[in-house]
Amino acid sequence: MNENLTMGLDTLLDNAKALCSGETDRICCLANLSALIMQSMPRINWAGFYLMKQGELILGPFQGKPACTHIALGKGVCGTAAQKNECLVVRDVHQFPGHIACDEASRSEIVVPLVYQSEVVGVLDIDAPIPDRFGPAEEAVLRELGAWIGELFVFD
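Cut-off values and rules
Residues numbered from 1 in each chain as written. Predicted model: local features only at pLDDT ≥ 70, side-chain atom pairs only at ≥ 80, totals over all residues. Heavy atoms only, no water. Core = buried A, V, L, I, M, F, W, Y, C linked by side-chain atoms within 4.5 Å. Buried < 20%, exposed > 50% of the residue type's maximum accessible area, 1.4 Å probe, protein only. Helix = DSSP H or I, 4+ residues; strand = E, 2+ residues; numbered from the N terminus. Contact = heavy atoms within 4.5 Å. Phe/Tyr/Trp six-rings, centres within 6.5 Å; stacked < 30°, edge-to-face > 60°. Expected span 1.5 Å × (residues − 1). Polar contact = N/O pair within 3.5 Å; in protein donor to acceptor, adjacent residues only side chain to side chain. Disulfide = S-S within 2.5 Å.

(A) Structural detail: the nonpolar core. One finds Leu33, Ile126 and Leu145 to be the most contacted residues of the largest nonpolar core, which totals 30 residues. When contributions to this core are tallied by element, the ones reaching two or more residues are helix 1 (12-20), helix 2 (26-40), strand 1 (46-53), strand 5 (108-116), strand 6 (119-128) and helix 4 (136-151). Once you skip the residues sitting within four places of it in the chain, leucine 33 turns out to touch Ala16, Cys20, Phe49, Trp148, Ile149 and Leu152. Core analysis: the next-biggest nonpolar cluster, separate from the first, contains 17 residues, Ala67, Val77, Phe96 and Val123 among them.

(B) View of the packing of aromatic side chains. Evaluated as defined, the whole model comprises 2 aromatic pairs. Each ring, one from tryptophan 46 and one from tyrosine 50, has its centre 6.0 Å from the other, and the planes form 20 degrees; the classification is stacked. This pair shows no difference in class: tryptophan 46 is buried, exactly as tyrosine 50 is. Ring geometry for tryptophan 46 against phenylalanine 62: centres 5.2 Å apart, planes inclined by 15 degrees, an arrangement best described as stacked. Taken as a pair, tryptophan 46 in strand 1 and phenylalanine 62 in strand 2 (residues 56-64) lie far apart in primary sequence, 16 residues in all. For phenylalanine 62, a relative accessible area of 26% corresponds to the partly exposed category. Members of the aromatic cluster, connected to one another through ring pairs, are Trp46, Tyr50 and Phe62.

(C) Here's a closer look at helix 2. In this model, helix 2 (15 residues) spans 20 Å end to end at C-alpha, consistent with the 21 Å of a helix rising 1.5 Å per residue. Arg26, Cys29, Leu30, Leu33, Ser34, Ala35, Leu36, Ile37 and Ser40 are the residues of helix 2 that are buried. Contacts made by the buried residues of helix 2 are with helix 1, strand 1, strand 2, strand 6 and helix 4. Capping the start of helix 2, aspartate 25 holds a side-chain oxygen 3.1 Å from the backbone nitrogen of isoleucine 27, two or three residues further along.

(D) The arrangement of the state of the cysteines in detail. Throughout the structure, instances matching the rule amount to 0 disulfides. Free of any disulfide, cysteine 28 has its nearest neighbouring cysteine sulfur in cysteine 29, separated by 5.8 Å.

Right, dumping it as structure tokens:
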């Protein structure tokens with residue numbers, strides 16, 4: 001990783017842009033971004049991407065335990081966020097109807113749709129092993145990051 005990158009939520013977007021500067025391969029960028037998120041955000045246990053393919057979400061680059069590989073639209077937190085095209089912050093995943101438990105240690109989750117030309121092309125998914133991990137500060141930064149990541153799909 002670039003030695004000039006500082007870790008933390010306040011520099012996440014700048015560091016993401018630095019990592020992907022000049023890179024034209026979307027998967028390469030997403031792989032590095034999942035690692036950056038994992039290192040930048042304390043108290044999380046999974047960070048990664050699901051990408052839209054043939055009407056469902058397919059597992060993309062991530063950091064954490066092995067995950068579900070296919071998620072239907074409207075299913076679980078990721079599928080619901082993608083179907084509704086809205087950021088979802090879930091304080092306790094055990095209270096979310098239809099939650100898909102890929103890692104039983106996860107207790108809270110934030111999912112940010114990735115949008116390119118008005119179309120949901122994937123989601124950024126971050127899980128934490130503690131309830132109520134994601135507050136307004138994380139949501140604001142991750143929404144901004146998600147909007148920027150959506151622009152990466154121009155590479156396809």
